[in-house]
Amino acid sequence: MVDLKPEKGKLLIAEPTLTGDVSFNRSVVLLAEHNKEGSVGFILNKPLEYTIGELINEIEIPFQVYNGGPVEQDNLYFIHKVPELISNSIEISDGIYWGGDFENTIDLINQKVISEEDIRFFLGYSGWSSLQLDKELMSKSWVVVENDYESALIHKSSEAFWKEKMEELGGDYLLWSNSPENPSLN
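These numbers were taken from a predicted model, which means no experiment stands behind them. Numbers given to residues run from 1 along each chain, matching the order in which its sequence is written. Predicted model: local features are reported for residues with pLDDT of at least 70 only, side-chain atom pairs are reported and counted for 80 or more only, and whole-chain, interface and lining totals are derived from all residues. Note that the side-chain values use all heavy atoms of the structure and ignore hydrogens as well as water.

K.L.:
Run through helix α5 (residues 161–169), naming residues and quoting values.
P.N.:
Within the sequence span of α5, burial applies to F161, W162, K165 and M166. Down the axis of α5, the buried side of the element spans an arc of 140 degrees, and every buried residue falls inside it. Here a residue-residue contact requires only that any non-hydrogen atoms of the pair lie within 4.5 Å. Labels follow the DSSP assignment, with helices taken as runs of H or I lasting at least four residues and strands as runs of E lasting at least two, numbered in each case from the N terminus. In this structure, the buried side of α5 is in contact with β1 (11–14), β2 (28–35), β10 (142–145), α4 (153–156) and α6 (172–176). Downstream of α5 by a residue or two, G170 has a phi angle that is positive, lying close to 65 degrees. Think of it in three bands: residues with accessible area under 20% of the maximum for their type are buried, residues over 50% are exposed, and the middle band is partly exposed, with areas taken using a 1.4 Å probe on protein chains only. By arc we mean the arc of the directions from the helix axis to the C-beta atoms, nothing more.

K.L.:
Any details on the pairing of strand β6 (residues 71–80)? Residues and values, ideally.
P.N.:
Bridge analysis of β6 against strand β9 (residues 119–129) gives 6 bridges, and the strand direction is antiparallel. Its bridge partner lying in β9, Y77 is registered against F122. The criterion for strand pairing is that DSSP finds at least two bridges linking the strands in question. As paired elements, β6 and strand β8 (residues 96–98) share 2 bridges and run antiparallel to each other. Note on β8: the bridge partner recorded for H80 is Y97.

K.L.:
Give me the pattern of salt bridges: which residues, what numbers.
P.N.:
Salt bridges are identified by distance alone: a Lys or Arg side-chain nitrogen within 4 Å of an Asp or Glu carboxyl oxygen. By the definition in use, this model includes 5 salt bridges. Here E7 and K10 are joined by a salt bridge, their closest N and O atoms 3.3 Å apart. For E7, a relative accessible area of 40% puts it in the partly exposed group. For K10, the salt bridge is made with E146, and the minimal N-O distance between the two is 3.2 Å. Highlighted residues: K10 in the segment before β1 and E146 in the loop between β10 and α4, separated in sequence by 136 residues.

K.L.:
Tell me what's going on with helix α2 (residues 102–110), and back it up with residues and numbers.
P.N.:
Turning to α2, its buried residues number three or more, namely T105, I106, L108 and I109. Axial view of α2: buried residues confined to an arc of 170 degrees, hence all on one face. Considering only its buried residues, α2 is in contact with β6 and β9. Polar contacts here mean pairs of N or O atoms no more than 3.5 Å apart (in protein, one a potential hydrogen donor and the other a potential acceptor; neighbouring residues in sequence count only if both atoms are side-chain atoms). Here α2 starts with a cap whose side-chain oxygen sits 3.2 Å from the backbone nitrogen of E103, and that cap is D101. Once α2 ends, the next one or two residues include K112, with phi positive near 65 degrees.

K.L.:
Help me get a handle on the nonpolar core, residues and values and all.
P.N.:
L11, L44, I79 and W142 are the most contacted members of the largest nonpolar core, which has 37 residues in total. It is β2 that provides the largest number of residues to this core, a total of 5 residues. Once residues within four sequence positions are removed from consideration, L11 is found in contact with V28, V29, L30, L44, V143, V144, V145, E146, N147, L153 and F161. As used here, the term nonpolar core means buried Ala, Val, Leu, Ile, Met, Phe, Trp, Tyr and Cys residues forming a set that is joined through side-chain atoms within 4.5 Å. Judged by nonpolar contacts, the second largest core, of 16 residues, contains I52, F78, I86 and I114.

K.L.:
Residues and numbers for the packing of aromatic side chains, please.
P.N.:
Here the distance between the centres and the angle between the planes together describe a pair of aromatic rings. Whether two aromatic rings pair depends on their centres lying within 6.5 Å, for rings of Phe, Tyr and Trp, where Trp uses its six-membered ring; planes under 30 degrees apart make the pair stacked, over 60 edge-to-face, and the rest tilted. Under the defined criterion, the tally for this structure stands at 11 aromatic pairs. Judged by centre distance (5.5 Å) and plane angle (80 degrees), the rings of F42 and W98 are edge-to-face. With F42 in strand β3 (residues 38–43) and W98 in strand β8, the pair connects residues that are 56 residues apart, well separated along the chain. Each of the two residues, F42 as well as W98, counts as buried. Pairing W128 with W142 gives two aromatic rings, centres 6.1 Å apart and planes at 85 degrees, and the pair type is edge-to-face. One end of the pair, W128, is in strand β9; the other, W142, is in strand β10, with 14 residues separating them in the sequence. Using a relative accessible area of 3% as the deciding quantity, one classes W142 as buried. Grouping aromatic residues by their ring pairs yields a cluster made of F42, Y66, Y77, W98, F122 and Y125.

Structure, rendered in structure tokens:
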């Protein structure tokens, strides 16, 4: 397997040995930003027990909300694939965008112009200070892979996403794909 460098738009797959970290155990993270100041990403496969309507009263449609990471969990973030509808979006890569005009987004969701296939909401985000992610990569906490799904990633990723990525990586990772979440309880 080729070791990729972390970049905007790539996926971070938590190594199977990252079991003690409650936030990142069995996580798949989309890197939304990576530069010399640090990195920002969103955990894609950790749905919460909330819908967006429970958090934002103005939204009538019950879209699922995900745990984006341990930083600023009292703030709501979103990624989407409809920049032509949501102004002020920031392109991550491959047709995936971050944020934008939230008031307009609420209206478009309620009008059913934007569907759950187009957008994903997160409480919090995953953040790394300058060189922190590089150190975690050197200590083998993460595997960096391409986002082969492009914008389909928004509705592709599910709770089983980590297991699917382990199976795709193959080799020793294949064994981990069927292991219990906490091997010490086995």
